[in-house]
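# Chains, contacts and geometry: an overview
The lines below spell out each chain.
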Amino acid sequence: MGNTVAREDFEWVYTDQPHADRRKEILAKHPELKTLMKPDTNLIWVVLLMVLAQLVAFYLVKDLDWKWVLFWAYVFGSCVSHSMTLAIHEISHNSAFGNRKAMWNRWFGIFANLPLGVPYSISFKRYHMDHHRYLGGDGIDVDIPTNFEGWFFCTRFRKFMWIVLQPLFYAIRPLCINPKPITRLEIINLLTQLSFDVAIYYLWGAKSLCYMLAGSVLGLGLHPISGHFIAEHYMFLKGHETYSYYGPLNLLTFNVGYHNEHHDFPNIPGKSLPLVKKIAAEYYDNLPQYNSWIKVLYDFVMDDTISPYSRMKRHLKGEVKQD
(Lines give C-alpha, C1' and ligand atoms only; values in the text may rest on other atoms or scores of the structure.)
Protein backbone atom coordinates (compact mmCIF):
# COMPACT_ATOMS: atom_id res chain seq x y z
CA MET A 1 0.00 0.00 0.00
CA GLY A 2 2.94 2.32 0.54
CA ASN A 3 4.62 1.66 -2.80
CA THR A 4 5.87 4.79 -4.54
CA VAL A 5 5.09 5.24 -8.22
CA ALA A 6 7.98 5.31 -10.66
CA ARG A 7 7.16 8.51 -12.51
CA GLU A 8 8.94 11.60 -11.14
CA ASP A 9 7.92 14.25 -13.66
CA PHE A 10 5.34 15.00 -16.29
CA GLU A 11 5.60 13.61 -19.81
CA TRP A 12 7.00 16.60 -21.68
CA VAL A 13 6.13 16.66 -25.39
CA TYR A 14 7.26 19.02 -28.12
CA THR A 15 4.41 18.60 -30.56
CA ASP A 16 1.14 20.52 -30.84
CA GLN A 17 -2.02 18.97 -29.44
CA PRO A 18 -3.61 16.59 -31.97
CA HIS A 19 -7.18 17.90 -31.89
CA ALA A 20 -6.94 20.85 -34.28
CA ASP A 21 -5.34 18.80 -37.06
CA ARG A 22 -7.79 15.93 -36.59
CA ARG A 23 -10.74 18.35 -36.68
CA LYS A 24 -9.51 19.76 -40.00
CA GLU A 25 -9.05 16.28 -41.44
CA ILE A 26 -12.44 15.02 -40.26
CA LEU A 27 -14.30 18.08 -41.58
CA ALA A 28 -12.65 17.68 -44.98
CA LYS A 29 -13.98 14.12 -45.13
CA HIS A 30 -17.30 14.70 -43.29
CA PRO A 31 -18.42 18.29 -43.90
CA GLU A 32 -21.94 17.33 -42.74
CA LEU A 33 -20.64 17.61 -39.16
CA LYS A 34 -20.89 21.38 -39.52
CA THR A 35 -24.68 21.04 -39.27
CA LEU A 36 -24.21 19.87 -35.66
CA MET A 37 -22.51 23.13 -34.67
CA LYS A 38 -25.61 24.76 -33.22
CA PRO A 39 -27.09 25.38 -29.76
CA ASP A 40 -28.88 22.68 -27.80
CA THR A 41 -32.03 24.42 -26.57
CA ASN A 42 -33.05 21.29 -24.64
CA LEU A 43 -30.14 22.09 -22.32
CA ILE A 44 -32.08 25.11 -21.02
CA TRP A 45 -35.04 22.99 -19.91
CA VAL A 46 -32.85 20.27 -18.41
CA VAL A 47 -31.00 22.84 -16.30
CA LEU A 48 -34.27 24.40 -15.15
CA LEU A 49 -35.54 20.98 -14.05
CA MET A 50 -32.26 20.23 -12.24
CA VAL A 51 -32.40 23.51 -10.32
CA LEU A 52 -36.04 22.81 -9.43
CA ALA A 53 -35.20 19.28 -8.29
CA GLN A 54 -32.52 20.59 -5.95
CA LEU A 55 -34.85 23.25 -4.55
CA VAL A 56 -37.38 20.53 -3.74
CA ALA A 57 -34.60 18.48 -2.15
CA PHE A 58 -33.48 21.47 -0.04
CA TYR A 59 -37.00 21.69 1.34
CA LEU A 60 -37.40 17.94 1.94
CA VAL A 61 -34.17 17.52 3.93
CA LYS A 62 -34.70 20.47 6.27
CA ASP A 63 -36.24 18.36 9.07
CA LEU A 64 -34.32 15.09 8.58
CA ASP A 65 -31.75 13.70 11.02
CA TRP A 66 -28.23 14.73 10.13
CA LYS A 67 -27.28 11.19 9.10
CA TRP A 68 -30.04 11.22 6.48
CA VAL A 69 -29.09 14.70 5.31
CA LEU A 70 -25.59 13.40 4.55
CA PHE A 71 -26.94 10.15 3.10
CA TRP A 72 -29.14 11.96 0.60
CA ALA A 73 -26.39 14.51 -0.09
CA TYR A 74 -24.23 11.65 -1.35
CA VAL A 75 -26.85 9.43 -2.96
CA PHE A 76 -28.84 12.15 -4.75
CA GLY A 77 -27.42 15.63 -4.23
CA SER A 78 -23.90 14.67 -5.31
CA CYS A 79 -25.17 13.27 -8.63
CA VAL A 80 -27.22 16.36 -9.41
CA SER A 81 -24.40 18.69 -8.34
CA HIS A 82 -21.76 16.96 -10.43
CA SER A 83 -24.15 16.77 -13.34
CA MET A 84 -24.78 20.50 -12.96
CA THR A 85 -21.05 21.27 -13.17
CA LEU A 86 -21.09 19.49 -16.51
CA ALA A 87 -24.16 21.45 -17.59
CA ILE A 88 -22.12 24.56 -16.75
CA HIS A 89 -19.34 23.06 -18.87
CA GLU A 90 -21.80 22.89 -21.76
CA ILE A 91 -22.96 26.46 -21.09
CA SER A 92 -19.34 27.67 -21.06
CA HIS A 93 -19.16 26.55 -24.70
CA ASN A 94 -22.27 28.69 -25.43
CA SER A 95 -24.30 25.52 -26.06
CA ALA A 96 -27.48 26.88 -24.45
CA PHE A 97 -28.06 30.06 -26.46
CA GLY A 98 -25.33 29.99 -29.11
CA ASN A 99 -22.31 32.18 -29.77
CA ARG A 100 -24.41 35.13 -30.92
CA LYS A 101 -25.90 35.40 -27.42
CA ALA A 102 -22.72 34.80 -25.44
CA MET A 103 -23.84 36.92 -22.48
CA TRP A 104 -27.11 35.02 -22.23
CA ASN A 105 -24.98 31.92 -21.66
CA ARG A 106 -22.95 33.71 -18.95
CA TRP A 107 -26.10 34.77 -17.06
CA PHE A 108 -27.60 31.30 -17.46
CA GLY A 109 -24.40 29.79 -16.13
CA ILE A 110 -24.71 31.93 -12.99
CA PHE A 111 -28.28 30.66 -12.60
CA ALA A 112 -27.21 27.02 -13.09
CA ASN A 113 -24.52 27.61 -10.46
CA LEU A 114 -27.04 28.36 -7.69
CA PRO A 115 -27.66 24.82 -6.33
CA LEU A 116 -23.90 24.15 -6.11
CA GLY A 117 -23.48 26.56 -3.20
CA VAL A 118 -20.11 27.98 -4.30
CA PRO A 119 -19.42 30.42 -7.18
CA TYR A 120 -17.96 28.48 -10.07
CA SER A 121 -19.46 29.19 -13.46
CA ILE A 122 -17.71 32.36 -14.63
CA SER A 123 -14.23 31.41 -13.43
CA PHE A 124 -14.60 27.93 -14.91
CA LYS A 125 -15.42 29.37 -18.33
CA ARG A 126 -12.30 31.55 -18.33
CA TYR A 127 -9.94 28.72 -17.44
CA HIS A 128 -11.68 26.07 -19.49
CA MET A 129 -11.21 27.98 -22.72
CA ASP A 130 -7.46 27.99 -22.00
CA HIS A 131 -7.61 24.23 -21.50
CA HIS A 132 -8.98 23.81 -25.02
CA ARG A 133 -6.67 26.30 -26.73
CA TYR A 134 -3.50 25.27 -24.89
CA LEU A 135 -4.01 21.66 -23.83
CA GLY A 136 -1.19 20.72 -21.47
CA GLY A 137 0.32 24.21 -21.74
CA ASP A 138 2.83 24.82 -18.97
CA GLY A 139 1.61 27.62 -16.70
CA ILE A 140 -1.66 28.00 -18.63
CA ASP A 141 -3.71 24.80 -18.48
CA VAL A 142 -4.83 24.53 -14.84
CA ASP A 143 -6.25 21.05 -15.48
CA ILE A 144 -2.62 19.91 -15.12
CA PRO A 145 -1.72 19.10 -11.49
CA THR A 146 0.95 21.12 -9.72
CA ASN A 147 4.42 19.72 -9.12
CA PHE A 148 3.51 19.36 -5.45
CA GLU A 149 0.55 17.12 -6.32
CA GLY A 150 2.72 14.93 -8.49
CA TRP A 151 5.50 14.75 -5.90
CA PHE A 152 3.40 14.19 -2.77
CA PHE A 153 0.50 12.01 -3.96
CA CYS A 154 2.78 9.17 -4.99
CA THR A 155 1.51 6.18 -2.97
CA ARG A 156 -1.74 4.27 -3.20
CA PHE A 157 -3.12 5.78 0.00
CA ARG A 158 -2.09 9.30 -0.98
CA LYS A 159 -3.55 8.91 -4.45
CA PHE A 160 -6.80 7.79 -2.85
CA MET A 161 -6.77 10.93 -0.67
CA TRP A 162 -6.00 13.03 -3.75
CA ILE A 163 -9.21 11.74 -5.37
CA VAL A 164 -11.18 12.53 -2.20
CA LEU A 165 -9.73 16.06 -2.15
CA GLN A 166 -10.27 16.80 -5.87
CA PRO A 167 -12.65 19.75 -5.21
CA LEU A 168 -9.98 21.43 -3.06
CA PHE A 169 -7.24 21.05 -5.68
CA TYR A 170 -9.46 22.25 -8.54
CA ALA A 171 -10.29 25.34 -6.47
CA ILE A 172 -6.72 26.16 -5.41
CA ARG A 173 -4.77 25.10 -8.51
CA PRO A 174 -5.66 28.13 -10.71
CA LEU A 175 -4.33 30.46 -7.99
CA CYS A 176 -1.03 28.56 -7.98
CA ILE A 177 -0.56 27.99 -11.71
CA ASN A 178 -2.26 30.85 -13.54
CA PRO A 179 -3.89 33.51 -11.34
CA LYS A 180 -6.04 35.99 -13.24
CA PRO A 181 -7.50 39.38 -12.28
CA ILE A 182 -11.03 39.13 -10.93
CA THR A 183 -13.67 40.31 -13.41
CA ARG A 184 -16.98 42.07 -12.90
CA LEU A 185 -18.88 38.92 -13.86
CA GLU A 186 -16.98 36.88 -11.27
CA ILE A 187 -17.98 39.39 -8.60
CA ILE A 188 -21.60 39.16 -9.75
CA ASN A 189 -21.34 35.34 -9.67
CA LEU A 190 -19.98 35.54 -6.11
CA LEU A 191 -22.58 37.98 -4.79
CA THR A 192 -25.46 36.14 -6.47
CA GLN A 193 -24.29 32.84 -4.98
CA LEU A 194 -23.84 34.26 -1.48
CA SER A 195 -27.31 35.81 -1.62
CA PHE A 196 -28.81 32.48 -2.67
CA ASP A 197 -26.97 30.60 0.10
CA VAL A 198 -28.18 33.09 2.72
CA ALA A 199 -31.73 32.76 1.40
CA ILE A 200 -31.61 28.95 1.66
CA TYR A 201 -30.32 29.20 5.24
CA TYR A 202 -32.96 31.79 6.16
CA LEU A 203 -35.84 29.82 4.61
CA TRP A 204 -34.97 26.23 5.51
CA GLY A 205 -32.02 26.27 7.89
CA ALA A 206 -28.57 24.73 8.29
CA LYS A 207 -29.50 21.21 7.14
CA SER A 208 -30.59 22.40 3.72
CA LEU A 209 -27.45 24.50 3.36
CA CYS A 210 -25.28 21.58 4.49
CA TYR A 211 -27.04 19.23 2.04
CA MET A 212 -26.25 21.64 -0.80
CA LEU A 213 -22.57 22.14 0.06
CA ALA A 214 -21.95 18.51 1.01
CA GLY A 215 -23.49 17.32 -2.25
CA SER A 216 -21.07 19.47 -4.24
CA VAL A 217 -18.00 18.41 -2.26
CA LEU A 218 -18.90 14.70 -2.22
CA GLY A 219 -19.99 14.67 -5.85
CA LEU A 220 -16.69 16.10 -7.07
CA GLY A 221 -14.56 13.88 -4.82
CA LEU A 222 -14.83 10.13 -4.25
CA HIS A 223 -17.75 9.47 -6.56
CA PRO A 224 -18.21 7.28 -9.67
CA ILE A 225 -18.85 10.30 -11.88
CA SER A 226 -15.54 11.82 -10.75
CA GLY A 227 -13.78 9.14 -12.74
CA HIS A 228 -14.08 11.49 -15.71
CA PHE A 229 -11.51 13.86 -14.17
CA ILE A 230 -8.86 11.17 -14.51
CA ALA A 231 -10.23 9.36 -17.56
CA GLU A 232 -10.13 12.43 -19.80
CA HIS A 233 -6.38 13.15 -19.95
CA TYR A 234 -4.32 11.00 -17.58
CA MET A 235 -1.90 8.93 -19.59
CA PHE A 236 -2.65 5.29 -18.89
CA LEU A 237 -1.26 4.49 -22.34
CA LYS A 238 1.95 6.23 -23.36
CA GLY A 239 1.53 8.67 -26.23
CA HIS A 240 -2.21 9.27 -25.79
CA GLU A 241 -3.32 12.38 -23.89
CA THR A 242 -7.10 12.36 -24.44
CA TYR A 243 -9.41 9.40 -23.87
CA SER A 244 -13.13 8.84 -24.39
CA TYR A 245 -15.56 6.96 -22.16
CA TYR A 246 -18.59 5.28 -23.72
CA GLY A 247 -20.39 3.96 -20.64
CA PRO A 248 -23.88 4.65 -19.22
CA LEU A 249 -22.88 7.58 -16.98
CA ASN A 250 -22.78 9.76 -20.10
CA LEU A 251 -26.55 9.96 -19.62
CA LEU A 252 -25.99 11.99 -16.43
CA THR A 253 -23.04 14.03 -17.66
CA PHE A 254 -24.10 15.56 -20.98
CA ASN A 255 -21.84 13.09 -22.82
CA VAL A 256 -18.64 14.55 -21.37
CA GLY A 257 -17.23 11.04 -21.73
CA TYR A 258 -17.02 11.58 -25.49
CA HIS A 259 -13.88 13.54 -24.76
CA ASN A 260 -11.84 13.04 -27.92
CA GLU A 261 -14.91 14.08 -29.85
CA HIS A 262 -15.41 17.08 -27.56
CA HIS A 263 -11.84 18.36 -27.95
CA ASP A 264 -12.01 17.84 -31.70
CA PHE A 265 -15.33 19.73 -31.91
CA PRO A 266 -15.79 21.94 -28.81
CA ASN A 267 -18.56 23.90 -30.57
CA ILE A 268 -20.77 20.81 -30.97
CA PRO A 269 -23.03 20.29 -27.91
CA GLY A 270 -22.67 17.13 -25.87
CA LYS A 271 -26.05 15.89 -27.09
CA SER A 272 -24.61 15.47 -30.60
CA LEU A 273 -21.21 13.98 -29.74
CA PRO A 274 -22.41 10.34 -30.14
CA LEU A 275 -23.40 11.28 -33.67
CA VAL A 276 -19.91 12.70 -34.28
CA LYS A 277 -18.46 9.34 -33.25
CA LYS A 278 -20.92 7.49 -35.48
CA ILE A 279 -20.27 9.63 -38.55
CA ALA A 280 -16.48 9.70 -38.15
CA ALA A 281 -16.16 6.21 -36.65
CA GLU A 282 -12.95 5.47 -38.53
CA TYR A 283 -11.21 8.20 -36.48
CA TYR A 284 -12.50 7.19 -33.05
CA ASP A 285 -13.15 3.46 -32.91
CA ASN A 286 -9.46 2.57 -32.65
CA LEU A 287 -8.48 5.22 -30.10
CA PRO A 288 -7.97 4.13 -26.45
CA GLN A 289 -11.29 4.26 -24.62
CA TYR A 290 -13.02 3.37 -21.34
CA ASN A 291 -16.33 1.79 -20.40
CA SER A 292 -16.12 2.24 -16.61
CA TRP A 293 -15.18 5.35 -14.65
CA ILE A 294 -15.14 3.30 -11.43
CA LYS A 295 -12.44 1.07 -12.93
CA VAL A 296 -10.50 4.19 -13.94
CA LEU A 297 -10.50 5.36 -10.30
CA TYR A 298 -9.48 1.89 -9.07
CA ASP A 299 -6.68 1.56 -11.64
CA PHE A 300 -5.39 5.05 -10.87
CA VAL A 301 -5.01 4.19 -7.18
CA MET A 302 -3.68 0.65 -7.59
CA ASP A 303 -1.37 1.07 -10.60
CA ASP A 304 2.01 2.07 -9.18
CA THR A 305 3.11 3.58 -12.50
CA ILE A 306 0.24 6.12 -12.56
CA SER A 307 0.07 9.32 -10.50
CA PRO A 308 -0.86 13.01 -10.87
CA TYR A 309 2.38 13.25 -12.88
CA SER A 310 0.84 11.05 -15.61
CA ARG A 311 -0.03 13.96 -17.88
CA MET A 312 1.41 15.30 -21.11
CA LYS A 313 2.80 18.80 -20.71
CA ARG A 314 4.15 21.17 -23.36
CA HIS A 315 6.02 24.46 -23.54
CA LEU A 316 3.92 26.91 -25.52
CA LYS A 317 5.31 28.72 -28.52
CA GLY A 318 4.32 32.11 -29.89
CA GLU A 319 1.71 34.48 -28.51
CA VAL A 320 -0.64 33.17 -25.82
CA LYS A 321 -4.11 34.74 -25.67
CA GLN A 322 -6.18 34.08 -22.57
CA ASP A 323 -9.70 35.04 -21.51
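Residues numbered from 1 in each chain as written. Predicted model: local features only at pLDDT ≥ 70, side-chain atom pairs only at ≥ 80, totals over all residues. Heavy atoms only, no water.

Before going further, it helps to spend a moment on the overall build of the protein chain. Within the protein chain one finds 15 helices and four strands. Over its C-alpha atoms the protein chain spans a radius of gyration of 20 Å, differing by no more than 12% from the 20 Å that the globule rule assigns to 323 residues. Along the three orthogonal principal directions, the C-alpha set of the protein chain runs to about 55 × 50 × 40 Å. Considering the protein chain as a whole, with its 323 residues, one finds that 53% of them fall into the buried category. Across the protein chain, the fraction of contacts at a sequence separation of at least 24, relative to all contacts at a separation of at least 6, is 80%. Accessible area of the protein chain: about 15400 Å², with a carbon and sulfur share of 65%. A distance of 4 Å separates the average location of the 32 positive side-chain charges in the protein chain from that of its 29 negative side-chain charges. (Helix = DSSP H or I, 4+ residues; strand = E, 2+ residues; numbered from the N terminus. Rg over C-alpha atoms; globule rule 2.2 N^0.38 Å. Buried < 20%, exposed > 50% of the residue type's maximum accessible area, 1.4 Å probe, protein only. Contact = heavy atoms within 4.5 Å. Areas by Shrake-Rupley, 256 points an atom, 1.4 Å probe, with all protein chains shown as cover. Lys, Arg positive; Asp, Glu negative; His and termini not counted. Charge placed at Lys NZ, Arg CZ, Asp CG, Glu CD.)

Residue position: Ser208 is located in helix 10 (residues 206–219). Given a relative accessible area of 0%, Ser208 falls into the buried group. Considered as a pair, Ser208 and Ile163 are 45 residues apart in the sequence and their alpha carbons are 26 Å apart. Apart from residues lying up to four places away in sequence, Ser208 is in contact with Phe58, Val61, Lys62 and Ile200.

It is at 5 Å that the axes of helix 7 (residues 156–164) and helix 8 (residues 166–177) come closest, and there the two elements cross at 70°. Judged by the inter-axis angle, helix 7 sits roughly perpendicular to helix 8. Contacts between helix 7 and helix 8 involve Trp162, Ile163 and Val164 from the first element and Gln166, Pro167, Phe169 and Arg173 from the second. A breakdown of the residues in the contact of helix 7 with helix 8 according to their chemical character gives five nonpolar, one polar and one charged. (Axes fitted to C-alpha atoms, helices over the stretch in contact; angles between N-to-C directions. Parallel < 35°, antiparallel > 145°, perpendicular 65-115°, else oblique. Nonpolar A, V, L, I, M, F, W, Y, C, P; charged D, E, K, R; others polar.)

The next point concerns the UniProt feature "transmembrane region" (unreviewed entry) in the protein chain. Under the feature "transmembrane region" (unreviewed entry), the UniProt entry names residues 43–61, 68–87, 107–124 and 211–231. Helix makes up 95% of residues 43–61 and strand 0%, whereas the separation of the span's terminal C-alpha atoms amounts to 27 Å. Span residues 68–87 is 100% helix and 0% strand, its end C-alpha atoms 27 Å apart. (UniProt positions renumbered as here; feature names shortened; annotations may be inferred.)

Helix 4 (residues 102–113) packs onto helix 2 (residues 42–60) with a crossing angle of 25° between their chain directions and a minimal axis gap of 9 Å. As summarised for this structure, helix 2 and helix 4 are arranged roughly parallel, according to the angle between their axes. At the point where helix 2 passes helix 4, the crossing takes the left-handed sense. Of helix 4, the residues touching helix 2 (which contributes Ile44, Val47, Leu48 and Val51) are Phe108, Phe111 and Ala112. Looking at the contact of helix 2 with helix 4 residue by residue, the class counts come to seven nonpolar, no polar and no charged. (Left-handed = near helix turned anticlockwise from the far one by under 90°.)

Moving on: unusual backbone geometry. Positive phi outside glycine occurs at Asn94, with the angle close to 60°. Residue placement: Asn94 occurs in the loop between helix 3 (66–92) and helix 4. Phi angles above zero are rare outside glycine, and Asn255 is one such case at about 60°. Here Asn255 lies in the loop between strand 2 (244–245) and helix 12 (259–264). Asn255 sits in the buried class, given a relative accessible area of 13%.

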